Amino acid sequence: MNIHIRNISKSFGAFKALDRVSLDVPAGGLLALLGPSGSGKTTLLRIIAGLESPDEGVIEEDGQDVTERHARQREVGFVFQHYALFRHMSVFENIAFGLRVRKVANAVIHEKVNELLHLVRLDGLGQRKPSQLSGGQRQRVALARALAIRPKILLLDEPFGALDAKVRVELRQWLRRLHDEIGMTSVFVTHDQEEAFELADEVVVMNHGKIEQRGTPDDVFDHPATPFVMDFLGNVNVFHGRVENGRAFWHGIPIDYPDYPHAQAREACVYLRPHELDLVRANDRAAGTNGSGQRSLLANVVRLTRNGAVIRVACQPHNSIGELHVDIPADAARDLSLNPGEQVSITPRKARVFVPDLEYVI
Ligand code: ADP
Ligand code: MG
């Protein structure tokens, strides 16, 4: 079932939680809504579910206007971060709940619930109470409960948010396989980019009730459409620079920027990712250039931090107050054996430039 969202707005008092949001979710797709807390993700999900009605706009499912339909009349399954399972009921009865409400025959319920217990890998645990399960197992019960009514659309609001890192990773890989097996249309809310990128076909980045960008994980990571997306993806060095004549300048180092061919200089923001910078010991090179004669930036090493498989080198450029972070693979760092205080020469391999009011990316 596909979902068309057209110009949805929603205010709470004077606060605009959603501002003319339009979005298509293709049938069978798994889409992640990614954004900081308060950006409107839950509100949008609740409107898709029919738990909240929009002030303006239309929701269509397979071409049918369902805007005024309540959740009960839509074929939607919902999993929340803290899904209040019924504590006094067994796991079996929790999963059976939606079927009992719909007066499904006992024998059918037994068959279906056992099938679902198997699907969520909880065979044999039907008679336990939720309190006798781990957090990850409880969220799988919540998922089985949402799936029991055979929804066409599955909506998940930070379902793994309360679980520890290892369980989260396992569950999201498992959820991805489950989604493909069942062939539903799913919308997954998260503020965790790693989770969104690993799980979803497409990511929608939200900010202040609006969509900043929509694209595949590769699109969004490689071509962030706005400074907000770039910042939100994190780990980025931001500097003020200028653009003119098809080039941006960062500390006097030119970077091609064909989107601004004009002669009149304008201020710009230059975004440099730590792993897209080259770093060499400065005394190995002629000062101010790298090996190929390209201009580079001189800086002093401030500290070195282990960050998984890379070493993050915090540097202090000679002509700027802000620190610059460069990531180098741990083995390359070992070969360089840098120490704090040493002078290094830094060259960007890639940069993204944003000129205010000129929403272009290179
Ligand atoms: P997210 O899920 O991205 O964290 P929400 O959709 O929950 O964001 O909320 C977006 C904004 O709308 C927040 O600032 C929140 O405080 C506000 N909001 C959400 N629901 C209500 C409500 N029922 N009443 C008042 N304000 C609300
Ligand atoms: Mg939320």
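Counting secondary structure elements, the chain contains 9 helices and 20 strands. Based on the C-alpha atoms only, the size of the chain along its principal axes is roughly 80 × 45 × 35 Å. Looking at the chain as a whole, 48% of its 362 residues are labelled buried. A fraction of 63% describes how many contacts in the chain between residues 6 or more apart in sequence connect residues 24 or more apart.

Another aspect to go through is unusual backbone geometry. Even without being a glycine, Asn 7 presents a positive backbone phi close to 50 degrees. Residue position: Asn 7 is located in strand E1 (residues 3–12). Residue class for Asn 7 comes out partly exposed when judged on its relative accessible area of 42%.

A few words now on the site of ligand 1. Lining the immediate surroundings of ligand 1 are Phe 12, Phe 15, Ala 17, Pro 36, Ser 37, Gly 38, Ser 39, Gly 40, Lys 41, Thr 42 and Thr 43. Taking Gly 38, its main chain carries an N or O atom lying 2.7 Å from an oxygen atom of ligand 1. Here an oxygen atom of ligand 1 sits 2.8 Å away from a polar atom, N or O, in the side chain of Thr 42. Protein contacts shield 58% of the accessible area of ligand 1, which totals 560 Å² for the unbound molecule.

Before going further, it helps to spend a moment on the domain arrangement of the chain. Segmentation of the chain into domains returns domain 1 (3–232) and domain 2 (237–361). Computed from C-alpha atoms alone, the centre-to-centre distance between domain 1 and domain 2 is 40 Å. Counting from both sides, the interface comprises 8 residues of domain 1 and, opposite them, 7 residues of domain 2. In total, about 800 Å² of surface goes out of reach between domain 1 and domain 2, with carbon and sulfur atoms giving 61% of it. The three residues of domain 1 that bury the most area against domain 2 are Phe 221, Pro 227 and Met 230, which together make up 55% of that side's buried surface. Linking domain 1 with domain 2 are 0 salt bridges, by the criterion used here. On the surface where domain 1 and domain 2 come into contact, there are 2 residue pairs in polar contact (both at pLDDT 80 or more). No other element matches helix H8 (residues 227–233), which puts 3 residues into the side of domain 1 that touches domain 2. A per-class count over the side of domain 1 that touches domain 2 returns 5 nonpolar, 1 polar and 2 charged.

For the rest of this paragraph, the subject is the packing of aromatic side chains. Within the structure shown, the criterion is met by 7 aromatic pairs. Geometrically, the ring pair formed by Phe 86 and Phe 97 is tilted, given 4.8 Å between the ring centres and 50 degrees between the ring planes. With Phe 86 in the loop between strand E6 (76–79) and helix H2 (91–101) and Phe 97 in helix H2, the pair connects residues that are 11 residues apart, well separated along the chain. For Phe 97, a relative accessible area of 34% translates into the label partly exposed. Where Phe 197 meets Phe 221, the ring centres are 6.3 Å apart and the plane angle is 90 degrees; that geometry is what we call edge-to-face. On the criterion of sequence distance, the pair formed by Phe 197 in helix H6 (residues 193–199) and Phe 221 in helix H7 (residues 217–222) is long-range, its members being 24 residues apart.

A word on the packing of H2 against helix H4 (residues 135–148). Between H2 and H4, the least distance of the axes is 7 Å, while the angle of their chain directions is 25 degrees. Between H2 and H4, the interaxial angle falls into the category roughly parallel. You can see that H2 and H4 cross each other, and the crossing is right-handed. Each of Val 91, Asn 94, Ile 95 and Leu 99 in H2 lies in contact with H4, whose residues at this interface are Val 141, Ala 144, Arg 145 and Ala 148. Across the contact of H2 with H4, the residue classes break down as 6 nonpolar, 1 polar and 1 charged.

The next point concerns the pairing of E1. Sheet analysis places E1 next to strand E4 (residues 56–61), joined by 5 bridges and oriented antiparallel. Within E4, the position partnered with Ile 5 by the bridge is Ile 59. One ladder, built from 7 bridges, connects E1 with strand E2 (residues 15–25); its direction is antiparallel. Within the sheet, the bridge partner assigned to Ile 5 lies in E2 and is Leu 23. Linking two consecutive strands that pair antiparallel, namely E1 and E2, is a turn of 2 residues; a positive phi of about 60 degrees is found at Gly 13 within it.

We now examine the nonpolar core. In terms of nonpolar packing, the biggest core is built from 44 residues, with Ile 95, Val 113, Leu 143, Leu 154, Leu 175 and Val 203 touching the most fellow members. At 7 residues, H4 tops the list of elements feeding residues into this core. Those residues in contact with Leu 154 that sit more than four places away from it in its chain are Gly 77, Val 79, Leu 143, Ala 146, Leu 147, Met 184, Thr 185, Ser 186 and Val 187. With 31 residues, the next largest nonpolar core counts Ala 248, Trp 250, Leu 277 and Ala 299 among its residues.

This paragraph deals with the pattern of salt bridges. Side chains that carry opposite charge are capable of pairing whenever their charged atoms lie near each other. Within this structure, the stated rule accounts for 23 salt bridges. Taking the shortest distance from any N to any O, the salt bridge between Glu 202 and Arg 214 comes out at 2.5 Å. With Glu 202 in strand E9 (residues 202–207) and Arg 214 in strand E10 (residues 210–215), the pair connects residues that are 12 residues apart, well separated along the chain. The salt bridge involving Asp 278 is made with Arg 349; its shortest N-O contact spans 2.4 Å. Taken as a pair, Asp 278 in strand E15 (residues 277–281) and Arg 349 in the loop between strand E19 (343–348) and strand E20 (352–354) lie far apart in primary sequence, 71 residues in all.

About the criteria used
Residues numbered from 1 in each chain as written. Chains lettered and ligands numbered in written order. Predicted model: local features only at pLDDT ≥ 70, side-chain atom pairs only at ≥ 80, totals over all residues. Heavy atoms only, no water. Helix = DSSP H or I, 4+ residues; strand = E, 2+ residues; numbered from the N terminus. Buried < 20%, exposed > 50% of the residue type's maximum accessible area, 1.4 Å probe, protein only. Contact = heavy atoms within 4.5 Å. Near = heavy atom within 4 Å. Polar contact = N/O pair within 3.5 Å; in protein donor to acceptor, adjacent residues only side chain to side chain. Areas by Shrake-Rupley, 256 points an atom, 1.4 Å probe, with all protein chains shown as cover. Domains from an automatic or database assignment. Buried area = accessible area lost by both parts, 1.4 Å probe. Salt bridge = Lys/Arg side-chain N within 4 Å of Asp/Glu carboxyl O. Nonpolar A, V, L, I, M, F, W, Y, C, P; charged D, E, K, R; others polar. Phe/Tyr/Trp six-rings, centres within 6.5 Å; stacked < 30°, edge-to-face > 60°. Axes fitted to C-alpha atoms, helices over the stretch in contact; angles between N-to-C directions. Parallel < 35°, antiparallel > 145°, perpendicular 65-115°, else oblique. Left-handed = near helix turned anticlockwise from the far one by under 90°. Pairing = 2+ DSSP bridges. Core = buried A, V, L, I, M, F, W, Y, C linked by side-chain atoms within 4.5 Å.

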